[in-house]
Amino acid sequence: MADAATIRSKAPDGTGFIRAGSGAPVLLIHGVGMDAAIWQPQIAAMQDRFDVIAIDMLGHGSSPLPPENARLSDFADQAIRLLDHLGLARVAVIGHSMGALIAQEIALRAPSRISALICLNAVFRRPPELAQAVRERAAALGGPGDPSAIAATIARWFGDPIPPALSDAAATARAALEGVDRQGYARTYRLFASADTAHADRLPDLTVPALFMTGSEDRNSTAAMSAAMARLAPAGRCVVLNDEKHMMTIASPQKVNQHIIGFLDQVAAVGGPAVEDGTAFDAMEFRRALGSFLTGVTIVTTIDETGDPRGFTANSFTSVSLEPPLVLVCLAKKALGHRAFSTSRGFAINVLSEAQKSASGIFASKAADKFASVAWQPGQTGNPLIEGSVAVFDCGMEQLVDAGDHSILIGRVHNFSHNGAQPLGYCRGAYVTPGLSQEALAAAAPPGTEVGAILENEGRVLFFETAEGSYQLPAGRGLGAANDARSLRGKLAAKAIDAELGFLYAVWDDATDASRTHVYYRGTVDAPVSGDGQIRFVEIERISELKIADPAVSSMLARYARERAEDTFGVYVGNEVEGEVRPLAKPAPSAPIHSGPIHSAQR
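This is a predicted model, so every value here is computed, not measured.

Rules used throughout
- Residue positions are given per chain, counting from 1 as you read along its sequence in written order.
- Residue-level local features of this predicted model are given only where pLDDT is at least 70; pairs of side-chain atoms are given and counted only at 80 or more, and the full residue set underlies all totals for whole chains, interfaces and linings.
- As a rule here, side-chain values come from all non-hydrogen atoms in the structure, and water together with hydrogens is ignored.
- The rule for pairing is simple: two strands pair if DSSP sees at least two bridges between them.
- Only DSSP runs of H or I with at least four residues qualify as helices, and only runs of E with at least two residues qualify as strands; both kinds are numbered from the N terminus onward.
- For helices, the axis comes from a line fit to the C-alpha atoms of the stretch in contact; other axes are also lines fit to C-alpha atoms, and the angle between any two N-to-C directions lies between 0 and 180 degrees.
- The contact criterion used throughout is that any non-hydrogen atoms of two residues lie within 4.5 Å.
- Here is the rule: rings of Phe, Tyr and Trp (six-membered ring for Trp) pair when centre to centre is within 6.5 Å. Planes less than 30 degrees apart are stacked, more than 60 are edge-to-face, and the remainder are tilted.
- When a residue's accessible area, from a 1.4 Å probe over protein chains only, is under 20% of the maximum for its type it is buried; when over 50% it is exposed; and in between it is partly exposed.
- Note on criteria: charge over ring means Lys NZ or Arg CZ within 6 Å of the ring centre, with the direction from the centre no more than 35 degrees off the ring normal.
- By nonpolar core we mean a set of buried residues, namely Ala, Val, Leu, Ile, Met, Phe, Trp, Tyr and Cys, connected to one another through side-chain atoms within 4.5 Å.
- A pair is scored as a salt bridge if a Lys or Arg side-chain nitrogen falls within 4 Å of a carboxyl oxygen belonging to Asp or Glu.
- Take the number of residues in a helix, subtract one, and multiply by 1.5 Å to get its expected span.
- Here, the term right-handed applies to a crossover whose path from the first strand over the helix to the second runs clockwise when the strands point away from the viewer.
- Each angle gets one of four labels, with under 35 degrees taken as roughly parallel, over 145 as roughly antiparallel, 65 to 115 as roughly perpendicular, and the rest as oblique.
- The sense of a crossing depends on the near helix, which, turned anticlockwise from the far helix by less than a right angle, makes the crossing left-handed and, turned clockwise, makes it right-handed.
- Residues are sorted three ways: Asp, Glu, Lys and Arg are charged, Ala, Val, Leu, Ile, Met, Phe, Trp, Tyr, Cys and Pro are nonpolar, and all the rest, Gly among them, are polar.
- The score called pLDDT rates the predictor's confidence residue by residue, from a low of 0 to a high of 100.
- Think of a polar contact as two N or O atoms within 3.5 Å of one another; within protein, one of them needs to be a possible hydrogen donor and the other a possible acceptor, and neighboring residues in sequence only count if both atoms come from side chains.

### As for the sheet that holds strand 11 (residues 317–321)
Here comes step 1: Taking strand neighbours across the sheet as the criterion, the seven strands line up as 10-9-13-16-17-12-11 in an open arrangement whose pairing is antiparallel. The outermost strands of the open sheet, each flanked by one partner alone, are strand 10 (309–314) and strand 11. Strand-to-strand, the axes of this sheet are offset by a mean angle of 35°, without reference to chain direction.
Here comes step 2: Both strand 13 (residues 346–351) and strand 16 (residues 391–403) contribute to a ladder of six bridges, which runs antiparallel. What sits directly across from N350, in strand 16, is V392.

Printed below as a string of structure tokens:
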């Protein structure tokens, strides 16, 4: 087939369009300043399976000018006339930026003509400062093309300087902006500047399956905007693509096309609202991520119907299922944010670290702007993810359960991450931290106590190899400080090892010297560490092959490898010859008991 970008036609009303391929019909509507050819990456990817029609909106490409005081209905009517001309009774419609607003207008005005709606980098209820900036740009339009204005637009869309990998995409967008009819551009942009609230009250009437997708780095069509629109649309869904900006359709077409085609396939398969994609998880990794929450503290977050972030502190979090991946959290019905969460299409669980105690207190209060106290980014579904958390679970709302004076929010996990930081705990009305055991050891341990660590990095354990070819774990006289060369921390600092100690793992008395005690912690370490020739990282499965001089350490490492595989750890207490492994927690009773939230107050 010839290059789809060269196959151009005109409708009787003068509307320019590109048509390529065969199959289920899909209408593509570009953004301000572009034309139908900007969809070339999507046309090329879709034309083998879809009948793809890309329209030149009014005032762009070869289409006639819009009215001087144009409305969204003018652009929607143009698209519907084109469908009538082509004899297409029903299509899926995909719009980018301004095109997304037109696509929504079509779906709301003529729902019987639309089978699915995909809104890419759409705007919705701009915050005041952003709205003012757009209005100022609109007011300055109308004259000849301004090279500095075009350069500023390209910088917003692709970055400044433009990354080499995006130079071709930026050149394509620049050429379109330089070639657009200035009068058509000005009239359309003035409408675009004021149309972000056009559907605020009408999205709940949207009957078709709808995907709202944007990039995490798009500062003008934000993740919060897409999340708010998806929440209002009865069959809406939000997807946020990491590290993408406004022109992701040409900057990362493969990534965008995968989501577009996947969504259309889901709609076609079920004949109605698209089902959530069943992301395959590594069950053990998912279990380990959930294990980051002990008797922990979380901040639960979402985006409300106005696009604002909302959050509250809770410890009523637990895992529900590995397959499908489900978690739950409880929220008091009297909480200020109960309506925002109970009507949400999703939420995120942020498991807090020891360093986030103050954030826990703020989100448990009635502070006016809680999110000003934390750094956060939108997750894959648009929910706020708080930086520095031990683990995050980005969820869609699976089920809302009425339970006495609380609501149970059951979420299906779409994405998760976790790290080796120490979790913040909550018990008997007070915060607890695993670091306290290290502080107690530093303060009270006898001078001769050997303190060591099993430091892990991505399934490998850090050892020091001796001149004789044997392997030792990092260990020293006492926990100490970085300036104490004989202590554990001193030995790690001397080799520029950035380690984080975690939970106590083993304590035993020396068999030959009852006054000497050995204490070992579990922990994590960043890699690479340094150029020290003694440092070795050994896969956990290969530890049994190593030459380890101390039989007590060898026995401990054999237990560690076994417990690591089972993801069930205990603490060994005894001596070099005999002792017992005590579990970190008692077996759960037959009927699990879930604690209530620490506080229900929230923004």
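Let's pick the thread back up.
### Section: the sheet that holds strand 3 (residues 24–29)
Here comes step 1: Spatially, eight strands are ordered 1-2-4-3-5-6-7-8 in an open sheet, and the strand pairing comes out mixed. If you trace the sheet from one side to the other, it starts and ends with strand 1 (8–10) and strand 8 (236–241), each paired once. Sheet twist, expressed as the mean angle between neighbouring strand axes with direction ignored, is 20°.
Here comes step 2: In the sheet, strand 2 (residues 16–20) pairs with strand 4 (residues 50–55) via four bridges, with the strands oriented antiparallel. Counted as the bridge partner of R19 is I53 from strand 4.
Here comes step 3: Those strands touched by helix 8 (residues 223–232) are strand 7 (210–215) and strand 8, and its axis lies near 165° from that of strand 8.

### Some details on the packing of aromatic side chains
Here comes step 1: Within the structure shown, the criterion is met by ten aromatic pairs.
Here comes step 2: Summarising the aromatic geometry, the rings of F312 and F341 are spaced 4.9 Å apart at their centres and angled 85° between planes, so their arrangement reads as edge-to-face. Here F341 lies in helix 12 (residues 338–342) and F312 lies in strand 10, a separation of 29 residues in the sequence.
Here comes step 3: A relative accessible area of 0% places F312 in the buried class.
Here comes step 4: Overall, F341 belongs to the buried group, its relative accessible area being 1%.
Here comes step 5: With 5.5 Å between their ring centres and 5° between their planes, W508 and Y520 make a pair best called stacked. Placement of the pair is W508 in strand 24 (residues 499–509) and Y520 in strand 25 (residues 517–525), with a sequence separation of twelve residues.
Here comes step 6: Exposure remark for Y520: the relative accessible area of 3% places this residue in the buried category.
Here comes step 7: Three or more aromatic residues joined by ring pairs make a cluster, and in this case those are Y185, Y189 and F192.
Here comes step 8: Looking at R126, its charged tip hangs above the ring of F192, at a distance of 4.8 Å from the centre.
Here comes step 9: When the ring centre of F537 is taken as origin, the NZ or CZ atom of R460, which lies over that ring, is 4.6 Å away.

### A word on the nonpolar core
Here comes step 1: Formed by 105 residues in total, the largest nonpolar core has its most connected members in M98, F158 and L206.
Here comes step 2: Apart from the residues within four sequence positions on either side, M98 is in contact with H30, G31, V32, M57, L72, F75, T188, L191 and F192.
Here comes step 3: In this structure, V300, A340, F393 and L409 belong to the second largest nonpolar core, which totals 22 residues.

### Structural notes on the pattern of salt bridges
Here comes step 1: Evaluation of the coordinates by the stated rule reveals 18 salt bridges.
Here comes step 2: With a closest N to O distance of 2.8 Å, E244 and K255 form a salt bridge. Linking E244 in the loop between strand 8 and helix 9 (248–251) with K255 in helix 10 (residues 253–270), this pair joins segments that are eleven residues apart in sequence.
Here comes step 3: Residue E244 is classed as buried on the basis of its relative accessible area, which comes to 8%.

### A short note on helix 4 (residues 128–139)
Here comes step 1: The end-to-end C-alpha separation of helix 4 is 16 Å, in line with the 16 Å expected for twelve residues at 1.5 Å each.
Here comes step 2: Tucked into the core, helix 4 has its buried residues touching helix 7 (182–194) and helix 8.

### A closer look at the pairing of strand 4
Here comes step 1: With respect to burial, strand 4 is a largely interior element, six of its six residues being buried.
Here comes step 2: The two faces of strand 4 match: F50, V52 and A54 on one face and D51, I53 and I55 on the other face are all buried.
Here comes step 3: Bridge count for strand 3 against strand 4 is six bridges, and the pairing is parallel. Paired with A24 across the bridge in strand 4 is F50.
Here comes step 4: Since strand 3 and strand 4 lie parallel, the crossover through helix 1 (residues 40–46) that links them has a hand, and here it is right-handed.

### Some words on the packing of helix 4 against helix 7
Here comes step 1: Running from amino to carboxyl end, helix 4 crosses helix 7 at an angle of 165°, the nearest separation of the two axes being 9 Å. With respect to helix 7, the element helix 4 is oriented roughly antiparallel. In terms of crossing hand, the pair formed by helix 4 and helix 7 is left-handed. In contact with V134, R135, R137 and A138 of helix 4, helix 7 contributes Y189, R190 and A193.

### A few points about the packing of helix 2 (residues 72–86) against helix 3 (residues 98–109)
Here comes step 1: Across the interface, helix 2 lies against helix 3 with an axial gap of 9 Å and an inter-helix angle of 75°. Classed by the angle they form, the pair helix 2 and helix 3 counts as roughly perpendicular. Across the interface between the two elements, L72, S73, F75, A76, D77, A79 and I80 from helix 2 touch M98, L101, I102, E105, I106 and R109 from helix 3.
Here comes step 2: Residues of the contact of helix 2 with helix 3, tallied by class, amount to nine nonpolar, one polar and three charged.

### Some details on the environment of D282
Here comes step 1: With respect to the secondary-structure elements, D282 resides in the loop between helix 10 and helix 11 (283–290).
Here comes step 2: C-alpha of D282 to C-alpha of L322: the two residues are 40 residues apart in sequence and 9.5 Å apart in space.

### Observations regarding helix 3
Because an α-helix completes one turn every 3.6 residues, residues spaced three or four positions apart along the sequence face the same direction.
Here comes step 1: Between its first and last C-alpha, helix 3 extends 17 Å over twelve residues, near the 16 Å set by a 1.5 Å rise per residue.
Here comes step 2: Of all twelve residues making up helix 3, eleven are buried, and the element is well covered by its neighbours.
Here comes step 3: Residues of helix 3 that are buried: M98, G99, A100, L101, I102, A103, Q104, E105, I106, A107 and L108.

### Quick notes on the confidence of the model for the protein chain
Low pLDDT marks stretches whose predicted atomic positions should not be read closely.
Here comes step 1: With 86% of its residues at a pLDDT of at least 70, the protein chain reaches an overall mean of 87.
Here comes step 2: Note that pLDDT drops below 50 for residues 1–5; the model gives that stretch eleven contacts with residues more than four away or on any other chain.
Here comes step 3: Predicted confidence for residues 584–603 stays below pLDDT 50, and this span has 50 contacts to residues more than four positions away or in other chains.

### Some remarks on the side chain of R564
Here comes step 1: With respect to the secondary-structure elements, R564 resides in helix 16 (residues 551–566).
Here comes step 2: Among the polar contacts listed, one links the side chain of R564 to the side chain of E456, at a separation of 2.6 Å.

### What to know about the environment of A173
Here comes step 1: Note on placement: A173 falls in helix 6 (residues 167–179).
Here comes step 2: Residue classification places A173 among the buried residues on the basis of a relative accessible area of 0%.
Here comes step 3: Spatially, the C-alpha atoms of A173 and M247 are 8.4 Å apart, while their sequence positions differ by 74 residues.
Here comes step 4: If near-sequence neighbours (up to four positions away) are discounted, A173 is found in contact with M34, I154, W157, F158 and I250.

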